[in-house]
Amino acid sequence: MTRLLTTFLMASRASGLAGGFLKKAADTLRAASGGPPPPALQLDAAPSWETLQQELEKQTPAEEIEIAQQVAAGRGPPTASANLRLFDAPDGYEPRVTLYRDGSSWCPYCQKVWMQLEEKRIPYKVERINMRCYGEKPAWFQRETGGLLPVVRLDGDLITDSVSIMFALERAFADDTESLLPPGGLDEIRPLMNLESQHAGAWLGWLRAPPGGGGGARSNYERVLEQMDGALSSTSGGFFLGSELSLVDLLFCSFLERAEASLLYYKGFRVRDSTKYPNICAWFDAMETRPSFRASQSDYYTHAMDLPPQLGGCSAESGGEAQRALLDGGEWTLASLSQQPLQPLRDDDASAAKRRAARQLIGNYKRVVPFACRAHAPPGVPPVMAPLADPNNASPVRWHE
């Protein structure tokens, strides 16, 4: 939702499609409550959502329409919105794999498995389950899987734990796809897997360290980064095992991506520091050549906002004040969001970015509008770790349904 509202702010300014937001909010509130909205909302005259959709369709090039049709059919480029991926399988093929993942593409463990399926071109279906910090999970999911994400159903059997899933997929599709493991298998990559675990612990240890008490946590994290940079320096090609992406890169990618964004925001520290960690920077550059990573990669603001509910809080230090001001700043534009040290925008074509933002908003307005109006009601019971996405909010506008 953070990403969606962010893109809406950019699209509303640049595309002219989102004018009259109050009118559309009023329409939804009127339908939900059965009565008229406040007078301030009645004064705003604006085109309907249907009119906005028609205008968007007029502005959308044929190429974008074709890609959307391909994605709906299970083909085309990787995208977080796809619920079916067939790759080279024929139409009507029933995938052996169903991936149960979070609906917002925020879960780091889901990202690893998602990228593996894309890289190996294994046909799969997607079922979306909310993360625990955003409300209760379905009873059957809790009962049969323990409730943690991701989960994969492979040939009818449920598999939990991202690493276990990844190795199970390598075994199950060994004859059909190219392996992402080196010739030495698990034994060859075990030291790097241990290093990845050290990085996860060091990152979270510093991110959650209380203000004023993070000196030791910082030095420990920097020590682990130096080890990782050294490991990458021993290979050529940018990836952990050389010039080809491997399972090791997928294991590292989620937490490294989130560490770069979160430590910049909360601590003012850069992981992508080309002076201190040139090989880690080269690894990021190599990863960003992979469509699977680009499709699953998030923006810095989203990571800074979605991590506290997942982790139970992040600790801000004075060193990050300038970066927090930049990311939290009021007047966001496409140009300002591309400034360093923020990540480059995904699209070279700003118009395409605006249309995608408008498409996301218009296609989901029935949920977005009540969600944006949720603050008028008291928190729900029991309380949740993500109050801005409270599924138990007492508002008569049931934004989550």
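Residues numbered from 1 in each chain as written. Predicted model: local features only at pLDDT ≥ 70, side-chain atom pairs only at ≥ 80, totals over all residues. Heavy atoms only, no water.

## Considering the overall build of the protein chain
Link 1 in the chain: Of the regular secondary structure elements, the protein chain holds 18 helices and five strands.
Link 2 in the chain: For the protein chain, buried positions account for 49% of its 401 residues.
Link 3 in the chain: The contacts of the protein chain with a sequence gap of at least 6 include a subset with a gap of at least 24, amounting to 66%.
Link 4 in the chain: Counting only carbon and sulfur atoms, one obtains 53% of the accessible surface of the protein chain, whose full area is about 18,700 Å². (Helix = DSSP H or I, 4+ residues; strand = E, 2+ residues; numbered from the N terminus. Buried < 20%, exposed > 50% of the residue type's maximum accessible area, 1.4 Å probe, protein only. Contact = heavy atoms within 4.5 Å. Areas by Shrake-Rupley, 256 points an atom, 1.4 Å probe, with all protein chains shown as cover.)

## Some thoughts on the pairing of strand S5 (residues 157-160)
Link 1 in the chain: Inspection of the sheet shows strand S4 (residues 151-154) paired to S5 by four bridges, in the antiparallel sense. Across the sheet, the residue bridging to Val-152 is Ile-159, located in S5.
Link 2 in the chain: Between the antiparallel neighbours S4 and S5 lie two residues, among them Asp-155 with a positive phi of about 50°. (Pairing = 2+ DSSP bridges.)

## Examining empty space enclosed by the protein
Link 1 in the chain: Within this structure, the stated rule accounts for two cavities of 30 Å³ or more.
Link 2 in the chain: The computed volume of the second largest cavity comes to approximately 40 Å³.
Link 3 in the chain: Considering the residues around the second largest cavity, the lining is formed by Arg-101, Asp-102, Ser-105, Cys-107, Cys-110, Gln-111, Trp-114, Arg-258 and Ser-296.
Link 4 in the chain: When residues of the lining of the second largest cavity are assigned to their parent elements, the largest contribution, three residues, is made by helix H6 (residues 108-120).
Link 5 in the chain: Grouping the constituent residues of the lining of the second largest cavity by class yields three nonpolar, three polar and three charged. (1 Å grid on protein atoms, 1.4 Å probe; cavity = no way out; pocket = protein on both sides within 12 Å on 5 of 7 lines; lining within 4 Å. Points joined across faces, edges and corners; volume = space filled by probe spheres on them. Nonpolar A, V, L, I, M, F, W, Y, C, P; charged D, E, K, R; others polar.)

## Some details on the sheet that holds strand S3 (residues 124-128)
Link 1 in the chain: Spatial ordering of the open sheet is given by S1-S3-S2-S4-S5, a layout of five strands whose pairing is mixed. Single-partner strands in this sheet number two, and they are strand S1 (84-85) and S5.
Link 2 in the chain: Together, S1, strand S2 (97-101), S3 and S4 form the strand contacts of H6, whose direction differs from that of S2 by roughly 150°.
Link 3 in the chain: Packed on one face of the sheet, helix H8 (residues 162-172) meets S2, S4 and S5 and runs near 130° to S5. (Axes fitted to C-alpha atoms, helices over the stretch in contact; angles between N-to-C directions.)

## Re the side chain of Asp-102
Link 1 in the chain: Inspection of the secondary structure puts Asp-102 in the loop between S2 and H6.
Link 2 in the chain: Buried and without a salt bridge, Asp-102 has Arg-101 as its closest oppositely charged side chain, separated by 4.4 Å.
Link 3 in the chain: When residues no more than four places from it in sequence are discounted, the contact partners of Asp-102 are Cys-107, Cys-110, Arg-128, Ile-129, Met-131 and Leu-149. (Lys, Arg positive; Asp, Glu negative; His and termini not counted. Salt bridge = Lys/Arg side-chain N within 4 Å of Asp/Glu carboxyl O.)

## Side note on the packing of aromatic side chains
When we look at a pair of aromatic rings, we describe it by the centre distance and by the angle of the planes.
Link 1 in the chain: Applying the stated rule across the entire model yields 15 aromatic pairs.
Link 2 in the chain: A centroid spacing of 5.6 Å and a plane angle of 80° characterise the contact between Tyr-109 and Phe-255, whose relative ring orientation is edge-to-face. One end of the pair, Tyr-109, is in helix H6; the other, Phe-255, is in helix H11 (residues 247-267), and 146 residues separate them in sequence.
Link 3 in the chain: Overall, the relative accessible area of 37% leaves Tyr-109 in the partly exposed class.
Link 4 in the chain: A residue is classified by how much of its surface remains accessible, and Phe-255, at 6% relative accessible area, is buried.
Link 5 in the chain: Each residue in the set Trp-206, Tyr-221, Phe-269 and Tyr-277 is aromatic and connected to the rest through ring pairs, giving one cluster. (Phe/Tyr/Trp six-rings, centres within 6.5 Å; stacked < 30°, edge-to-face > 60°.)

## Description of the nonpolar core
Link 1 in the chain: Tyr-221 and Val-271 are the most contacted members of the largest nonpolar core, which totals 71 residues.
Link 2 in the chain: With 14 residues, H11 is the single largest residue contributor to this core.
Link 3 in the chain: Dropping the residues within four chain positions of it, Val-271 is found in contact with Tyr-221, Leu-225, Leu-256, Ala-259, Glu-260, Leu-263, Tyr-277, Ile-280 and Phe-284.
Link 4 in the chain: Of all hydrophobic cores here, the second largest spans 11 residues; its members include Trp-106, Ile-129, Tyr-134 and Phe-141. (Core = buried A, V, L, I, M, F, W, Y, C linked by side-chain atoms within 4.5 Å.)

## Looking at the confidence of the model for the protein chain
Link 1 in the chain: Per-chain confidence: the protein chain averages 84 in pLDDT, with 79% of residues scoring 70 or above.
Link 2 in the chain: Contacts of residues 1-19 to residues separated by more than four positions or lying in other chains number 46 contacts, the stretch itself having pLDDT below 50. (pLDDT = per-residue confidence, 0-100.)

## Digging into the pattern of salt bridges
Between side chains of opposite charge, a pair can form as their charged atoms come close.
Link 1 in the chain: Scanning the model with the defined rule gives 18 salt bridges in all.
Link 2 in the chain: For Arg-359, the salt bridge is made with Glu-64, and the minimal N-O distance between the two is 3.3 Å. With Arg-359 in helix H17 (residues 350-363) and Glu-64 in helix H5 (residues 62-72), this pair connects stretches of sequence that are 295 residues apart.
Link 3 in the chain: Assessed through its relative accessible area of 32%, Arg-359 is described here as partly exposed.
Link 4 in the chain: Note that Arg-75 is salt-bridged to Asp-91, the shortest N-O span being 2.7 Å. Of this pair, Arg-75 sits in the loop between H5 and S1 while Asp-91 sits in the loop between S1 and S2, and the two are 16 residues apart along the sequence.
Link 5 in the chain: What makes Arg-75 partly exposed here is its relative accessible area of 23%.

## Here we look at the layout of surface pockets
Link 1 in the chain: Taken as a whole, the second largest pocket spans an internal volume of roughly 710 Å³.
Link 2 in the chain: Lining of the second largest pocket is provided by 32 residues; of these, Cys-107, Pro-108, Tyr-109, Leu-148 and Leu-149 occupy positions nearest its centre.
Link 3 in the chain: Breaking the lining of the second largest pocket down by element, the ones donating at least two residues are H6, H8, helix H9 (185-207), H11 and helix H14 (300-311).
Link 4 in the chain: The greatest single-element share of the lining of the second largest pocket, amounting to seven residues, is contributed by H9.

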